[in-house]
Amino acid sequence: MKLDPVSLRLFVAVMEESAIARAAAREHIAPSAASRRLAELEGALRVELFTRSNRGAEPTAAAFALLDMARGVLNDLDGIAAQMSDFRAGVRGQVRVVANISAITQFLPAELQRFMASHPQVQVQLQEQISTAVARSVAENAADVGILNHGSYGDRVALLPYRRDELVLVVPAGHALARRRGGVRLADAIDCDFVGMHPGSAINHVLMRAAAELERPLRLRIQVTGYDALCLMVSAGLGVGVMPGGSAQLYRGALPVRVAPLREAWAQRRLSLCVRSGESLSSVARLLVDHLRGGGAAEREEAAA
């Protein structure tokens, strides 16, 4: 059986665009040629991928099963091309990393700097995503390594211990809660307006759940996409916010905000590394995973003790 990568790429485009004509335009091919390639692909696989009717082509169960496999093959082919190109430029490997904003702002800058200083011929591509998207990107082979909040993301990915972080309450300078000694509870701040993170963020989820347990509404006045914007809104007096303590430290000196520890069990969080499997890692991706795990070894030992 010979599978044509061009036909596989066209198949993925049809699945994503939900129309052969749009997929053909995206892949710069005539619709008639696209239909012929799809028919040839079905013939090579000896399975019907689309049910054709006057209303168009509807994917079959086989098409959905093929989609993930085709994406994986195409990503691997793209990776081969990229790494061979990198060899010409003197780079000896590439690692695709997706991580949530907590990992990016607290841990990755220093850790990636050390890794790339030790391995100057390895190229690291980093993209920010929310934790659920991180797991999906790794599972679909759109990324080699992910960093996300520890949780349950299905059996298509494996989680490895990485770091711990702590959520804190950020308030404007002069706010009554800034004078509390020994930290605050969410109940102390529940009557305040909140500056929240964007919809879908893990912090918003945990805050909503905690407010529900208090049987009080969370007064989410503004939602932002980053911790810098959150601190700017808090410093302007538009509310209080919750964010990781390591990230909050970056803004304490630059903005008139104060940080109070949260005396809540849910404020203690775990971050994990996410991979498809140890066996699926390339040699350079394994180098990075081993480096990242080594960077948090002392912290994990302390937590275990």
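Residues numbered from 1 in each chain as written. Predicted model: local features only at pLDDT ≥ 70, side-chain atom pairs only at ≥ 80, totals over all residues. Heavy atoms only, no water.

Chemist: Can you walk me through helix H9 (residues 202-213) in this structure?
Modeler: Within an α-helix, residues lying three or four positions from one another point in the same direction, as the helix has 3.6 residues per turn. With 12 residues, H9 should reach 16 Å at 1.5 Å per residue; the first-to-last C-alpha distance of 17 Å fits that figure. Within H9, the full set of buried residues consists of Ile203, Asn204, Val206, Leu207, Ala210 and Ala211. Down the axis, H9 shows its buried residues gathered within 165° of arc, on one side only. For H9, the exposed residues set more than 90 degrees away from the buried face come down to Arg209, Ala212 and Glu213. (Helix = DSSP H or I, 4+ residues; strand = E, 2+ residues; numbered from the N terminus. Expected span 1.5 Å × (residues − 1). Buried < 20%, exposed > 50% of the residue type's maximum accessible area, 1.4 Å probe, protein only. Arc of directions from axis to C-beta.)

Chemist: Hey, could you run me through the pattern of salt bridges in this one?
Modeler: A pair can form between side chains of opposite charge whenever their charged atoms are brought close. Counted under the stated rule, the structure contains 18 salt bridges. Put simply, Glu17 and Arg22 hold a salt bridge, and the shortest N to O gap is 4.0 Å. Classification of Glu17 by relative accessible area gives partly exposed; the value is 25%. Here Arg156 ties to Asp68 by a salt bridge, and the two come within 3.1 Å at their closest N and O atoms. With a gap of 88 residues between them, Arg156 in the loop between strand E5 (145-149) and strand E6 (158-172) and Asp68 in helix H4 (residues 61-89) connect regions that are remote in the sequence. The class of Arg156 is partly exposed, set by a relative accessible area of 42%. Members of the salt-bridge network, linked through shared partners, are Glu16, Glu17, Arg22, Arg26, Glu27, Asp68, Arg71, Glu140 and Arg156. (Salt bridge = Lys/Arg side-chain N within 4 Å of Asp/Glu carboxyl O.)

Chemist: Help me understand the packing of aromatic side chains in this model?
Modeler: Any two aromatic rings considered together are summarised by their centre-to-centre distance and by the angle between their planes. As enumerated under the stated definition, the model contains two aromatic pairs in all. With 6.1 Å between their ring centres and 85° between their planes, Phe107 and Tyr162 make a pair best called edge-to-face. Pair noted here: Phe107 is in the loop between helix H5 (101-106) and helix H6 (108-118) and Tyr162 is in strand E6, with a separation of 55 residues, a long-range link. Summarising the burial analysis for this pair, Phe107 and Tyr162 share the class buried. Here the guanidinium or amino end of Arg163 rests over the ring plane of Tyr162, the centre of that ring lying 5.9 Å away. (Phe/Tyr/Trp six-rings, centres within 6.5 Å; stacked < 30°, edge-to-face > 60°. Lys NZ or Arg CZ within 6 Å of the ring centre and 35° of its normal.)

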